[in-house]
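Each chain, written out:
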Amino acid sequence: MSSHAQVAPAAPNEEQLRASYVAGFGSYIEWPAAAFADADAPFVIGVIDDEPMLRLLEAGFKSRKLQGRQVQVRRIDSIPQATRIHMLYVPEGNTASLRPLNGLPVLTVGAGTAFLDRGGVIGLLLHKDRLRFEFNAKAAERSGLKVSAKLQQLALNTYEELR
């Protein structure tokens, strides 16, 4: 007799969950038309200081589009390099100023409320052992990004004032 063990798929780790969130956010945001050079321009996601996240996003967007556009995932070495991208992921521990992105149509995603205090748009955090996010409405408005009501409702907290 042979027995076949059923193996349940492994639960995603925290980094995989973060990558899923980051990838999903782009579907709930509207960028101004001027954010793209033309109708065929790619959607560009930048990742600073986080090689595992870079690899996860590259793999996740190999055959997937975002906003009807091909996706390019790029390594970003400094915040000023992010002025020509559409979304930037900043990992926990990176405290570089986001000021070079003020007023530019860049969705900034990083770790927690402290990230929002620096002008980030979406801050990821663990809440009751679950990955959640907070939203800085003023930072999104300053960037010219329109965030869907659905995404705003899913946020743990939405901040209407500059943080």
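Basis of the calculations
Residues numbered from 1 in each chain as written. Predicted model: local features only at pLDDT ≥ 70, side-chain atom pairs only at ≥ 80, totals over all residues. Heavy atoms only, no water. Helix = DSSP H or I, 4+ residues; strand = E, 2+ residues; numbered from the N terminus. Rg over C-alpha atoms; globule rule 2.2 N^0.38 Å. Buried < 20%, exposed > 50% of the residue type's maximum accessible area, 1.4 Å probe, protein only. Contact = heavy atoms within 4.5 Å. Lys, Arg positive; Asp, Glu negative; His and termini not counted. Charge placed at Lys NZ, Arg CZ, Asp CG, Glu CD. Core = buried A, V, L, I, M, F, W, Y, C linked by side-chain atoms within 4.5 Å. Pairing = 2+ DSSP bridges. Axes fitted to C-alpha atoms, helices over the stretch in contact; angles between N-to-C directions.

Novice: Would you mind showing me how to read the overall build of the protein here?
Specialist: Regarding its fold elements, the protein presents 5 helices and 9 strands. Over its C-alpha trace the protein gives a radius of gyration of 17 Å, about what one expects of a compact globule, namely 15 Å for 163 residues. The principal-axis extent of the C-alpha atoms belonging to the protein is close to 70 × 40 × 30 Å. Across the 163 residues that make up the protein, the buried fraction comes to 42%. For the protein, restricting intrachain contacts to residue pairs at least 6 apart in sequence, the fraction spanning at least 24 positions comes to 52%. Taking the average place of the 19 positive charges on the side chains of the protein and the average place of its 17 negative ones, the gap between the two points comes to 3 Å.

Novice: Would you take a moment to explain the nonpolar core for this structure?
Specialist: Soluble globular proteins tend to pack their nonpolar side chains together in the buried interior. Residues Trp 31, Ile 45, Leu 57, Met 87, Leu 107, Val 109 and Ile 122 are the most contacted members of the largest nonpolar core, which totals 36 residues. Among the elements that line this core, the one with the most residues is helix α1 (residues 14–25), at 4 residues. When sequence neighbours within four positions are dropped, the list of residues in contact with Leu 57 reads Ala 19, Val 22, Ala 23, Ile 45, Val 47 and Val 73. Residues Ile 48, Val 90, Leu 98 and Phe 115 belong to the second largest nonpolar core, which totals 12 residues.

Novice: Which parts of the structure should I look at to understand the sheet that holds strand β5 (residues 107–111)?
Specialist: Strands sit in the order β3-β2-β4-β5-β6-β7-β9 across an open sheet of 7 strands; the sheet is mixed. Looking along the sheet, the strands with just one partner apiece sit at the ends: β3 (71–76) and β9 (157–159). Neighbour-to-neighbour, the strand axes of the sheet open up by a mean angle of 20 degrees, direction not taken into account. With 6 bridges joining them, strand β6 (residues 122–127) and strand β7 (residues 130–136) adopt antiparallel strand pairing. Paired with Leu 125 across the two strands is Arg 132, which belongs to β7. Running over the sheet, helix α2 (residues 51–60) touches β2 (43–48), β3 and β4 (87–90) and is turned about 170 degrees from β3.

Novice: It is not clear to me how the side chain of Arg 18 should be interpreted in this structure. Could you clarify?
Specialist: Its place among the elements puts Arg 18 in helix α1. Apart from residues lying up to four places away in sequence, Arg 18 is in contact with Met 53, Tyr 89, Leu 124 and Leu 131.

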